[in-house]
Amino acid sequence: FSLESAFLASCAMFEIVFSLPVTCSVWAVFFNQKIEFFQMLTIYMILGIGADDAFVLYDAWLQARFTDEIDVNDKGARFAWAYRRSFKAMVVTTATTCGSFLIGAASPLPQVRNFCIFAALVVFIDWVFCETFFASAIMVCDRFIHNPAKQKGTCLGPGCCCGCCRVIAATCCKVKYPPADAAPEKRWMEKFCEGKLFNCLNKCKILLIVVWLLLTALACVSAGVQLRTAEKTPPIGRENLDATRGIEILLKQFSLFGVPTTNIGWGLNKMEPVQEWGNTHDDDVARLDPAEIAKITTPAGQLE
């Protein structure tokens with residue numbers, strides 16, 4: 001619908017989906033790693049990221065018709081202008097996305113680490129395909145498929161579903177489209193952004209800056225006043241279950257990593273040494289026994 005070309009839409013979907021098997025090949029051949037199920041979930045992520053890159057490149061190609069920097073009738077100059085304009089935006093977004101995923105490479109969990117590295121590779125390879133394959137598809141479509149003599153609202157003309165949607169709109173809704181030889185017009189979004197939106201932001205720029213600074217300050221004050229440090233670790237399950245309580249005691253009272261510590265206690269009641277259990281070993285309330293305390297003061301008691 002946005003590309004107004006079945007050919008461009010098919011090429012965009014192909015390069016987006018095909019980036020996944022290419023990444024799998026790189027992952028298996030060069031990294032000598034196995035493909036896991038979680039890595040296949042990146043297809044849902046790359047569908048959105050890849051479509052966004054395709055829209056940015058094609059939108060720059062359309063905007064090149066209205067720039068005064070080049071001759072719009074020169075296809076090469078128009079493509080170079082659009083390519084330079086979109087290249088910077090896609091490089092920044094791709095680099096930030098890949099960098100965000102590569103942070104997960106420091107995770108001690110193998111599945112999380114492999115997923116993050118794999119996702120970064122998928123994003124990078126999709127960007128390479130968009131800058132090469134989809135960019136070439138735009139030129140092929142403009143040279144061999146796009147027919148400038150076809151008017152909008154006619155069968156096989158520009159528009160979604162080979163122009164059928166605009167044919168229905170022109171027939172049923174009496175929508176009038178400009179003739180094929182008319183000068184290209186800016187889209188409604190471009191007119192809105194450079195017109196009403198720009199005028200409103202330019203007129204109220206000082207007020208908007210003050211409002212956002214005030215909201216940021218209020219948010220910082222609210223966070224500083226209301227946020228509190230957790231007094232205990234959140235439970236891993238329902239606290240009334242014996243299994244949950246047992247796991248919590250196991251994790252808090254015993255060391256699972258490094259050298260285990262050994263605690264020696266005396267002077268406690270043999271039958272019930274703990275009067276009240278706490279969240280940690282230091283929070284436990286001991287039940288003291290005077291008779292046991294007295295034993296430690298004698299040599300025989302110390303030997304015992």
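It should be noted that the structure appears before, not after, this text.
We now turn to the structure provided with this report.

Cut-offs used in this document
- Residues numbered from 1 in each chain as written.
- Predicted model: local features only at pLDDT ≥ 70, side-chain atom pairs only at ≥ 80, totals over all residues.
- Heavy atoms only, no water.
- Helix = DSSP H or I, 4+ residues; strand = E, 2+ residues; numbered from the N terminus.
- Buried < 20%, exposed > 50% of the residue type's maximum accessible area, 1.4 Å probe, protein only.
- Contact = heavy atoms within 4.5 Å.
- Areas by Shrake-Rupley, 256 points an atom, 1.4 Å probe, with all protein chains shown as cover.
- Axes fitted to C-alpha atoms, helices over the stretch in contact; angles between N-to-C directions.
- Left-handed = near helix turned anticlockwise from the far one by under 90°.
- Nonpolar A, V, L, I, M, F, W, Y, C, P; charged D, E, K, R; others polar.
- Salt bridge = Lys/Arg side-chain N within 4 Å of Asp/Glu carboxyl O.
- Core = buried A, V, L, I, M, F, W, Y, C linked by side-chain atoms within 4.5 Å.
- Phe/Tyr/Trp six-rings, centres within 6.5 Å; stacked < 30°, edge-to-face > 60°.
- Polar contact = N/O pair within 3.5 Å; in protein donor to acceptor, adjacent residues only side chain to side chain.
- Parallel < 35°, antiparallel > 145°, perpendicular 65-115°, else oblique.

### Observations regarding the overall build of the protein
Within the protein one finds ten helices and two strands. Helices (α) and strands (β) of the protein occur, in sequence order from the N terminus, as α-α-α-α-α-α-α-α-β-β-α-α. Counting every position in the protein, which comprises 304 residues, the buried fraction comes to 24%. Put simply, of all contacts in the protein between residues at least 6 apart along the chain, 58% involve residues at least 24 apart. Summed over all atoms, the accessible surface of the protein reaches about 21300 Å², with 66% contributed by carbon and sulfur.

### Description of the packing of helix α1 (residues 6-29) against helix α4 (residues 110-145)
Axis angle and axis distance: for two packed helices, these are the angle between their axes and the distance between the axes, and together they describe the pair. At a closest axis distance of 7 Å, the pairing of α1 and α4 adopts a crossing angle of 145°. Here α1 runs over α4; the crossing is right-handed. Among the residues making up the contact of α1 with α4, the classes are represented as 26 nonpolar, three polar and two charged.

### Observations regarding the pattern of salt bridges
Applying the stated criterion to the full structure yields one salt bridge. Among the ionic pairs, Asp142 bridges to Lys75, the shortest N-O distance being 3.3 Å. Here the residue Asp142 occupies a position in helix α4, and Lys75 occupies one in helix α3 (residues 75-103), the gap between them amounting to 67 residues.

### Section: the nonpolar core
Counting residues in each nonpolar core, the largest one holds 20 residues, and the members touching the most others are Leu8, Leu57, Tyr58, Trp61, Ala82, Phe134 and Ile138. Listing elements by their share of this core, those giving two or more residues are α1, α2 (42-63), α3 and α4. Here this core takes seven residues from α4, the largest share from any one element. Counting 15 residues, the second largest nonpolar core, distinct from the first, contains Ile16, Leu20, Cys24 and Phe101.

### Some points on the packing of aromatic side chains
Within this structure, the stated rule accounts for ten aromatic pairs. Each ring, one from Phe37 and one from Phe38, has its centre 5.9 Å from the other, and the planes form 65°; the classification is edge-to-face. Among the residues examined, Phe37 registers a relative accessible area of 60% and is labelled exposed. Their ring planes at 50° and their centres at 5.8 Å tell us that Phe87 and Trp127 sit as a pair that is tilted. Residue Phe87 is located in helix α3, and its partner Trp127 is located in helix α4; the two are separated by 40 residues in the primary sequence. In textbook terms, an aromatic cluster arises when at least three aromatic residues are bridged by ring pairs, as seen for Phe79, Tyr83, Phe87, Phe124 and Trp127.

### Overview of the side chain of Thr23
On the secondary structure map, Thr23 appears in helix α1. Taking relative accessible area as the criterion, Thr23 reaches 0% and is therefore assigned buried. Looking at Thr23, its side chain comes within polar contact range of the main-chain oxygen of Ser19, at 2.6 Å. If we skip the residues at most four places from it in the chain, Thr23 touches Phe118, Leu121, Val122 and Ile125.

### Structural notes on unusual backbone geometry
Peptide bonds are mostly trans, and most non-glycine residues show a negative phi. Look at Asn32: it is not a glycine, yet its phi comes out positive at around 55°. Topologically, Asn32 is positioned in the loop between α1 and α2.

### Notes on the packing of α1 against α2
Packing of α1 against α2 brings their axes to within 9 Å, and their N-to-C directions diverge by 140°. Looking at the two axes, α1 sits oblique to α2. Seen from above, α1 lies across α2 with right-handed handedness. From α1, Leu8, Ala12, Met13, Glu15, Ile16, Val17, Ser19 and Leu20 reach across to α2, where they touch Thr42, Ile43, Ile46, Leu47, Gly50, Ala51, Ala54 and Tyr58. Partitioning the contact of α1 with α2 into residue classes produces twelve nonpolar, three polar and one charged.

In short, shape yes, function no, at least from these values alone.
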